[in-house]
Amino acid sequence: MAQKVRLYQVDRPVRVYADGIFDLFHSGHARALMQAKNLFPNSYLIVGVCSDELTHKYKGFTVMTEEERYEALRHCRYVDEVVRDAPWTLTPDFLEQHKIDFVAHDDIPYSSAGTEDVYKHIKEAGMFVPTQRTEGISTSDLITRIVRDYDVYARRNLQRGYTAKELNVSYINEKKYRLQNQVDRMKEKVRTVEERSKHFVYRVEEKSADLIQKWEEKSREFIGNFLELFGPDGTWKQMFQERSGRMIQALSPRGSPSNSPPRELSPLRSPSPPSHWGHAHAHTHAHAHAHARASSPPSPKAASASISSMSEGDDDEK
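Let me sum up the structure you'll find in this document.

Definitions and cut-offs
For every chain, the first residue of the written sequence is number 1, and numbering continues from 1 onward in sequence order. Local features in this predicted model are restricted to residues of pLDDT 70 or higher, and side-chain atom pairs are both shown and tallied only at a pLDDT of 80 or more, whereas totals for entire chains, interfaces and linings draw on every residue. Calculated side-chain values reflect all of the structure's heavy atoms, with hydrogen atoms and water omitted. Secondary structure elements are defined from DSSP: runs of H or I of at least 4 residues count as helices, runs of E of at least 2 residues count as strands, and each element is numbered from the N terminus. Throughout, exposure labels follow a simple rule: accessible area from a 1.4 Å probe, protein chains only, divided by the maximum for the residue type, with under 20% read as buried, over 50% as exposed, and the rest as partly exposed. Residues count as neighbours in contact if any of their non-hydrogen atoms are within 4.5 Å of one another. Computed with a 1.4 Å probe, the accessible areas rest on the Shrake-Rupley method; for each residue, only the protein chains presented here act as cover. Salt bridge, as used here, is a side-chain nitrogen of Lys or Arg placed within 4 Å of a carboxyl oxygen of Asp or Glu. Stacked, tilted and edge-to-face are the three classes assigned to paired rings of Phe, Tyr and Trp, where Trp is represented by its six-membered ring and a pair needs centres within 6.5 Å; plane angles under 30 degrees give stacked, over 60 edge-to-face, the rest tilted. Definition used: whenever NZ (Lys) or CZ (Arg) falls within 6 Å of the ring centre and also within 35 degrees of the ring normal, the charge is taken to sit over that ring. Only when DSSP finds a minimum of two bridges between them are two strands counted as paired. A fitted line through C-alpha atoms represents every axis, and for helices the fit uses only the stretch in contact; the resulting angles, taken between N-to-C directions, go from 0 to 180 degrees.

## Details of the overall build of the chain
Step number 1: Tallying secondary structure elements over the chain gives twelve helices and five strands in all.
Step number 2: Of all 318 residues assigned to the chain, the portion counted as buried reaches 26%.
Step number 3: A separation of at least 24 residues holds for 67% of the contacts in the chain among residues at least 6 apart in sequence.
Step number 4: Total accessible area computed for the chain in this model is approximately 24,000 Å², and 56% of it derives from carbon and sulfur atoms.

So, in structure tokens, the structure goes:
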């Protein structure tokens, strides 16, 4: 069949028809329509959408209205034309009216309306082209998820402003759901506080580690500088020793040489005029020198001065 489709060539776009309910239009629907559109290099895709009346009669209640389903198909990029209120079973008149060349659908027998496969006569006429279903996604799967997690979605819509009447929720369940929403908000606040606390503690620990490291570095630097300045061989000791040596040297000058020559009397010195005061002064002076000679050995200078005084005293007496 696929080979026959590939060999089908006409001078106009090949008109391919795909029909369905397309409730809760999803990616599985879009992929099936993409396959139908790409069956031929030049194709025109017609999509038939069954009405609410037919769907509720033969398949079941839909989530979306027929108008919503029509609009969903109209905005699909692969669709060239939407047929509203499409028939449940394709008739020759319908195929002729829309000039349909091929019908695309998945190959699983579709039993409905009292038949084992509504596409049986299309397959027998050689107009059926199969497409592949997308696993894991279907309208029934989506509804199952909602029914399974009904409480979650009921609480969700209550929180978003829907009333219990709109959700067909009893008074007791409404209060229960609202209480659960409040508990969840409290849990979320607690988690937020915990996350912020963890972040704050992490920042404090990080800062503390940095401060401790810097403190250790500064401590080592301070101890090194202290030892360099005040240690056994430190700079301060060397400076103190140098200054102490200079002070000792300044306070203890060198002594006079012991072999200094004695001072001689000047021969031109004239004797002072005789007087009573001069005679008493000379006598006192001579007595002091005599006492000094008796108490300690005279130095050359002292001996010279004593001799000179005695000479002057003798001259006065004369």
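That shown, we press on.
## A few points about the pattern of salt bridges
Step number 1: By the definition in use, this model includes 13 salt bridges.
Step number 2: The residue Arg84 makes a salt bridge to Glu67 at a minimum N-O spacing of 3.2 Å. Here Arg84 is found in strand S3 (residues 81-84), whereas its partner Glu67 is found in helix H4 (residues 66-74), with 17 residues between them in sequence.
Step number 3: Two residues, Arg133 and Asp106, come together in a salt bridge whose shortest N-O distance is 3.4 Å. Of this pair, Arg133 sits in the loop between strand S5 (128-131) and helix H7 (139-148) while Asp106 sits in strand S4 (residues 102-106), and the two are 27 residues apart along the sequence.
Step number 4: Beyond isolated ion pairs, a larger network of salt bridges with shared partners links Asp107, Asp117 and Lys123.

## Quick word on the packing of aromatic side chains
To describe a pair of aromatic rings, one takes the distance between the centres and the angle between the planes.
Step number 1: Counted under the stated rule, the structure contains five aromatic pairs.
Step number 2: Between Tyr17 and Phe94, the aromatic rings sit 5.4 Å apart at their centres with planes inclined by 75 degrees, giving edge-to-face as the arrangement. Here the residue Tyr17 occupies a position in strand S1 (residues 14-20), and Phe94 occupies one in helix H5 (residues 92-97), the gap between them amounting to 77 residues. This pair shows no difference in class: Tyr17 is buried, exactly as Phe94 is.
Step number 3: Directly above the aromatic system of Phe128 lies the positively charged group of Lys123, at a separation of 5.0 Å from the ring centroid.

## As for the sheet that holds strand S2 (residues 43-49)
Step number 1: One open sheet holds the five strands; their spatial order is S3-S2-S1-S4-S5, and the pairing between them is parallel. Of all strands in the sheet, those bounded by a partner on one side alone are S3 and S5. Strand-to-strand, the axes of this sheet are offset by a mean angle of 30 degrees, without reference to chain direction.
Step number 2: Bridging between S1 and S4 involves two bridges; their strand directions are parallel. Bridged to Tyr17 within S4 is Val103.
Step number 3: Most of the contacts of helix H2 (residues 27-37) go to S2, to which it runs at about 145 degrees, and overall it touches S1, S2, S4 and S5.
Step number 4: Here H4 sits on the sheet in contact with S2 and S3, set at roughly 165 degrees to S3.

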